[in-house]
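Observations on the three-dimensional arrangement
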Amino acid sequence: MIEAVLPKERRPQERINDFGEVVSTYSEEEALKEAKRCFQCSNPPCILGCPVGIDIKRFIYQITQKDYQGAYFTIREKNNFPSICGRICPAEYQCRKACILTKKGLSFASEQAINIHFLERFIGDWGIENRIDVLQNKNEKISKFKVAVVGSGPAGLCCAGELARAGVKVVVFEGLHKLGGVLRYGIPSFRLSPQILDREIDYLAKLGVEFVTNCIIGKTKSLDELFIEGFHKIFLGLGAGVPSFLGIAGENLCNIYSANEFLTRINLMCAYNFPQFHTPINVGRNIVVIGGGNTAMDAARSALRLQKINGISPNVTVLYRRTEVEMPARRLEIEHAKEEGVNFRFLVQPKEFIGDENGFVKKLICLECKLREPDSSGRRRPVEIEDSEFEVKCDLVIVAIGLLANQILTKVTPQLKTDKYKDVVVDTETMQTSIRNVYAGGDIVGGEGTVIEAMGMAKKAATHIITGLKRE
Ligand SMILES: Cc1cc2nc3c(=O)[nH]c(=O)nc-3n(C[C@H](O)[C@H](O)[C@H](O)COP(=O)(O)OP(=O)(O)OC[C@H]3O[C@@H](n4cnc5c(N)ncnc54)[C@H](O)[C@@H]3O)c2cc1C
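Values in this document were obtained by computation on a predicted structure and should not be read as measured data.

The subject of this paragraph is the site of the ligand. Contacts to the ligand come from 41 residues, most closely from Gly151, Gly153, Gly181, Gly239 and Gly442. The set of elements that each furnish at least two residues to the shell around the ligand consists of helix H9 (154-165), helix H14 (294-309), helix H16 (408-411) and helix H17 (451-471). Taken together, the residues of the shell around the ligand break down into 20 nonpolar, 17 polar and four charged.

Here is the structure:
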């Protein structure tokens, strides 16, 4: 069996000094070598593992034939943003896990599984370098209609792209001053360079999509006002932007951040470049990150870089209440965090923060845990061990334990039905909400998910919006 080909990576000692990308795109030679490892199964399971059903077998075959343009179009049939997904999709839990080279029964892909995401990235970047744009598939009949898209994360951008390609006039309304949602303010540039995101947004602008920033729907204007302005349909891609907290004593002490705030200060407001940029950020000597998902890994790796940039000897510890096996973060991010020097402590439940006389956090009291039978998430449930208290010294804490729906719009729109988590309820066949002509997708439907899942829902909504407009 030919060994899997891995792309080049910057050395940990070098990359922790800046926010530049860590993983390189495959060279042509590497991509060809990896593509040729694919068995071209007659019944390829990987396609079923992809939330948007990319014809993986076909695009990999096209790579082996050096038909890169063909491969680009194959991917773009199903995925609007291959360069983005090729960088951040949790492929080890999706297409790669389904690859026949993954051993049965594993909870994530074997190392031998084809590196589908790296091949997708190679093709996506090839498309960008060669300025290949997917042509519009305009339908004149529907070009008189206008659709408002609320939110410019992957769900909103994907829906806008699908509609614009069909010839619909689209305006995207974004509450923040920059476009991209989590792709801009959450995921650090060492994983996803903002230039890649800008290129995808430029492409949408070229298709005629209009963008309005600093406009919060539900505050600046209501859904009714959008209809009065002449929008025929509305898509809501509001995301899940509200951080969860632990709800333990001392959580309001100074220098305890939500991961969202911490990452937004760095990624969106360039706090690592203070005072050139006017957003300060505190950097402690002993940093603790609580959580085990992608957000926790991003926060820990960003914090470590901030310490290096500020001349502080890195000391970042991730505390997680289960074990490494149950961590929901991408395996690559966990490996990268370890290589960069992030410490991990598993089976730990925070109990109380203790502050100093000025109200700044100085230590965290924790309890050790053990794992019991699986809970509703399918992962083994952690239970605290009595009398197992211990202390962790910290002068900066980042809480990364999950995100909830933002209720700015839903609170002022009672007709918009939400569930017990305050997520928007949709008809899963059409993605239409309880309000006629209002659709939704992404993290605002069903909670925190992945970029490709958000795009899958947005695509489905766009298909139904287009079908509806054709009938009008
Ligand atoms: C730090 C972090 C790392 C992640 N890493 C990965 C990863 O590696 N791989 C992966 O697949 N997924 C990852 N995820 C999850 C992924 O980013 C989300 O699933 C995805 O971004 C959801 O897309 P969305 O469009 O639904 O929402 P978002 O990306 O949250 O975008 C929603 C947008 O809507 C705007 N908005 C909200 N309300 C309004 C309003 N009322 N008016 C106007 N605008 C509004 C927001 O400002 C935001 O820009 C990560 C998430 C985080 C937080």
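That was the structure; now back to the text.
Cis peptide bonds are those with omega within 30 degrees of zero, and the linkage from Phe274 to Pro275 qualifies with 10 degrees. Structurally, Pro275 can be placed in the loop between helix H13 (259-267) and strand S7 (287-290). For Cys270, which is not glycine, the phi torsion reads 50 degrees and is therefore positive. Here Cys270 falls in the partly exposed class, since 15 other C-beta atoms lie within 10 Å of it. Backbone geometry at Leu347 places phi at a positive 55 degrees, although glycine is not the residue there. Among the secondary structure elements, Leu347 is positioned in the loop between strand S9 (343-346) and strand S10 (348-355).

Attention now moves to the environment of Asp298. Turning to its location among the elements, Asp298 is positioned in helix H14. Taking the C-beta count within 10 Å as the criterion, Asp298 has 27 such neighbours and is therefore assigned buried. Beyond its immediate sequence surroundings of up to four residues, Asp298 is in contact with Gly186, Ile187, Pro188 and Leu263.

Take the nonpolar core next. Grouped together as the largest cluster of nonpolar side chains are 93 residues, with contacts concentrated most on Val147, Cys159, Ala160, Leu163, Ile234, Phe235 and Leu236. Take this core: its biggest share by element is 11 residues, from H17. Three or more residues apiece are contributed to this core by two domains, here domain 1 (12-129) and domain 2 (140-241 + 405-471). Membership of the second largest hydrophobic core comes to 46 residues, among which are Cys366, Leu367, Cys369 and Val399.

Moving on to the sheet that holds S9. Strand order in the open sheet formed by five strands is S6-S14-S7-S8-S9, and the pairing between neighbours is parallel. Every interior strand has two partners, whereas the edge strands, strand S6 (256-258) and S9, have only one. On average, adjacent strands in this sheet sit at an angle of 20 degrees to one another, irrespective of strand direction. For S6 and strand S14 (residues 396-399), the ladder comprises three bridges, and the chain directions are parallel.

We now examine the domain arrangement of the protein chain. As assigned here, the protein chain comprises domain 1 (12-129), domain 2 (140-241 + 405-471) and domain 3 (243-403). Using only C-alpha atoms to locate each centre, domain 1 and domain 2 end up separated by 27 Å. Between domain 1 and domain 2, the residue contacts involve 18 residues of the former and 22 residues of the latter. Residue contributions to the side of domain 1 that touches domain 2 peak at five residues, all from helix H6 (residues 82-88). Residues belonging to the side of domain 1 that touches domain 2 are distributed by class as follows: 11 nonpolar, four polar and three charged.

For the rest of this paragraph, the subject is the sheet that holds strand S1 (residues 146-150). Reading across the sheet, the five strands line up as S3-S2-S1-S4-S16 and stay open at both edges, with parallel pairing between neighbours. Two strands bound the open sheet, and with one partner strand each, they are strand S3 (210-212) and strand S16 (438-440). Averaged over all neighbouring strand pairs, the angle between strand axes comes to 20 degrees, with direction disregarded. In the sheet, S1 pairs with strand S2 (residues 169-173) via five bridges, with the strands oriented parallel. Across the sheet, the residue bridging to Val150 is Phe173, located in S2. Strands in contact with H17 are S1, strand S4 (233-236) and S16; relative to S4, the strand with the most contacts, it is inclined by about 175 degrees.

Procedures and definitions
Sequence order as written defines the numbering, with residues in each chain counted from 1. Note on the predicted model: pLDDT of at least 70 is required for a residue's local features to be given, and 80 or more for side-chain atom pairs to be given and counted; whole-chain, interface and lining totals, by contrast, use all residues. Defining nearness, a residue is near a molecule or strand when the C-beta atom obtained from its backbone falls within 6 Å of it. Strands here mean DSSP runs of E at least two residues long; helices mean DSSP runs of H or I at least four residues long; both are numbered from the N terminus. Charged residues are taken to be Asp, Glu, Lys and Arg, nonpolar residues to be Ala, Val, Leu, Ile, Met, Phe, Trp, Tyr, Cys and Pro, and polar residues to be all remaining types, Gly included. Here a residue counts as buried when 20 or more other C-beta atoms sit within 10 Å of its C-beta, as exposed when there are 12 or fewer, and as partly exposed otherwise, the C-beta atoms being derived from the backbone. Here the contact rule is simple: place C-beta atoms from the backbone, and any two residues whose C-beta atoms are within 7 Å are in contact. Note on terminology: a nonpolar core is any set of buried Ala, Val, Leu, Ile, Met, Phe, Trp, Tyr and Cys residues joined through C-beta atoms within 7 Å. Those domain boundaries reflect an automatic or database domain assignment. Pairing between strands requires that DSSP locate at least two bridges from one strand to the other. Convention adopted: a line fitted to C-alpha atoms gives each axis, helices being fitted over their contacting stretch, and angles between N-to-C directions are expressed from 0 to 180 degrees.

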